[in-house]
Amino acid sequence: MLKLQDIRLTFHRGTVNERRALDCVNLHLSPGDFATVIGSNGAGKSTMLNVIAGSYEADSGKILLDGEDITPRKEYKRANKIGRLFQDPLKGTAPNMTIEENLGLAYLRGKKRGMGSGLKKTDEAFFKETLACLGLGLEDRLKTQVKLLSGGQRQALTLLMATIVTPKLLLLDEHTAALDPKTALQIMRITDGIVRENQITTLMITHNIKDALFYGNKTVVMSQGRVVLILEGEERAGMTVERLMQLYSANTQDAFSDKMIL
Ligand SMILES: Nc1ncnc2c1ncn2[C@@H]1O[C@H](COP(=O)(O)OP(=O)(O)OP(=O)(O)O)[C@@H](O)[C@H]1O
Ligand SMILES: [Mg+2]
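Here's a quick rundown of the structure. All values derive from a computational prediction rather than experimental measurement.

Remarks on the site of ligand 1
By nearness alone, 15 residues border ligand 1, and Asn41, Gly42, Lys45, Ser46 and Thr47 come closest of all. In the model, an oxygen atom of ligand 1 is placed 2.9 Å from a nitrogen or oxygen of the arginine 19 side chain. Between ligand 1 and lysine 45 there is a distance of 2.8 Å, counted from an oxygen atom to a side-chain nitrogen or oxygen. Considered on its own, ligand 1 offers 630 Å² of accessible surface; in the complex 69% of this is hidden by protein. Elements supplying a minimum of two residues to the shell around ligand 1: strand 2 (19–29) and helix 1 (45–53).

Details of the nonpolar core
Core analysis: the largest hydrophobic core is formed by 32 residues, its most contacted members being Ile99, Leu103, Leu131, Leu134, Leu157, Leu159 and Leu170. Elements with a minimum of two residues in this core: helix 3 (99–111), helix 4 (121–132), helix 5 (151–163), strand 7 (169–173) and helix 6 (181–198). Apart from the residues lying within four places of it in its own chain, the contact partners of leucine 170 are Gly83, Arg84, Leu159, Ala162, Thr163, Val195, Ile200, Thr201, Thr202 and Leu203. In this structure, Met48, Ile70, Ile82 and Leu203 belong to the second largest nonpolar core, which totals 26 residues.

Topic: the sheet that holds strand 1 (residues 2–11)
Across the sheet, which stays open at both edges, the 4 strands sit in the order 2-1-4-5 with antiparallel pairing between neighbours. The open sheet has two free edges, formed respectively by strand 2 and strand 5 (68–69), since each of these has just one partner strand. Where strand 4 (residues 60–65) meets strand 5, 2 bridges bridge the pair, whose relative direction is antiparallel. In the strand pairing of strand 5, leucine 64 is matched with aspartate 69. Of the strands in this sheet, strand 1, strand 2 and strand 4 touch helix 1, which is tilted by about 115° from strand 1.

A few points about the side chain of threonine 158
If you trace the backbone, threonine 158 turns up in helix 5. Classification of threonine 158 by relative accessible area gives buried; the value is 4%. Side-chain polar atoms of threonine 158 contact the backbone oxygen of arginine 154, separated by 2.7 Å. Excluding its chain neighbours within four sequence positions, the residues that come into contact with threonine 158 are Leu85, Pro89, Lys91, Gly92 and Thr93.

Parameters at a glance
- Every chain is numbered on its own, with residues counted from 1 as its sequence reads.
- To read the labels, note that chains go from A and ligands from 1, taken in the order they are written.
- Residues qualify for local features only when their pLDDT is at least 70, as the model is predicted, and side-chain atom pairs are given and counted only at 80 or more; totals for whole chains, interfaces and linings, by contrast, use all residues.
- The basis for every side-chain value is the complete set of non-hydrogen atoms in the structure, without hydrogens or water.
- Here a residue is considered near a molecule or strand provided that any single heavy atom belonging to it is located within 4 Å of it.
- What qualifies as a polar contact is a pair of N or O atoms within 3.5 Å, subject to a donor-acceptor requirement within protein and to the restriction that residues adjacent in sequence count only when both atoms come from side chains.
- Shrake-Rupley sampling with a 1.4 Å probe provides the accessible areas, and residues are treated as covered by the protein chains on show and by no other component.
- The way it works is that DSSP assigns letters per residue, a run of H or I at least four long becomes a helix, a run of E at least two long becomes a strand, and they are numbered from the N terminus.
- By convention a nonpolar core is built from buried Ala, Val, Leu, Ile, Met, Phe, Trp, Tyr and Cys residues, the set being connected through side-chain atoms within 4.5 Å.
- Think of it in three bands: residues with accessible area under 20% of the maximum for their type are buried, residues over 50% are exposed, and the middle band is partly exposed, with areas taken using a 1.4 Å probe on protein chains only.
- Contacts are assigned to residue pairs that have any heavy atoms within 4.5 Å of one another.
- Two strands form a pair only when DSSP identifies at least two bridges running between them.
- Angles shown run from 0 to 180 degrees and are taken between the N-to-C directions of axes, each axis being a line fitted to C-alpha atoms and, for helices, limited to the stretch in contact.

What follows is the structure, encoded as structure tokens:
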């Protein structure tokens, strides 16, 4: 479903600020794979997701999505195949528009019907039903402006917008990191439910190693712009946080931050 081949990216090449962010990254996800991504600060995790989404252009390498070479494709042309969530709950929704309008935009964009065709009554019923699945009571607040929602509610809505038309790929960049622990767990469970139910191929960056091993079926470990380890199958099933830390130290020169272990 997703193939990254020899992706390299250096920022500010030839200047004192030169920084090699991605150094020959190779990654292959099969349809329905839910891969968690871990690595220390600056390992290149967000850059890798940015390159996949087309926000950054790689210096070299190839990106294949669903059998198509999307490397030369601009970000906005990849957007209808790729759903994305960031750490900041304020990104991804239009604050002055209602829940219904936000969902409507996401739905029409995905369906390629264009704004002109508008939404139908059946769409409203569908939105209510979909919102009810979140278990946050948002189905009764369709006319509420999104800026009035809490961070967690807003992130849940963004998740719904990113997946209301099932994307080929879902990219999550620490999307629960800015939420309080209870809300973060709630959003993580909702995410897991949506991803599994729709079998969405997903890459999820997290700083929490427990989460990285608990959710999904693969764990990608990055260090200094490289994928240094991919855990899957029995090896992953039997993996503990302690063992993964040992493996991490053996494969990288990076130190573990406390945040990753907690
Ligand atoms: N737009 C940019 N311009 C210049 N350098 C950048 C840019 N984005 C990232 N970098 C650099 O590339 C490297 C990788 O950054 P990246 O944000 O991908 O790390 P990360 O693994 O997501 O880290 P974190 O866990 O802190 O989010 C870092 O050294 C960073 O400073
Ligand atoms: Mg990052």
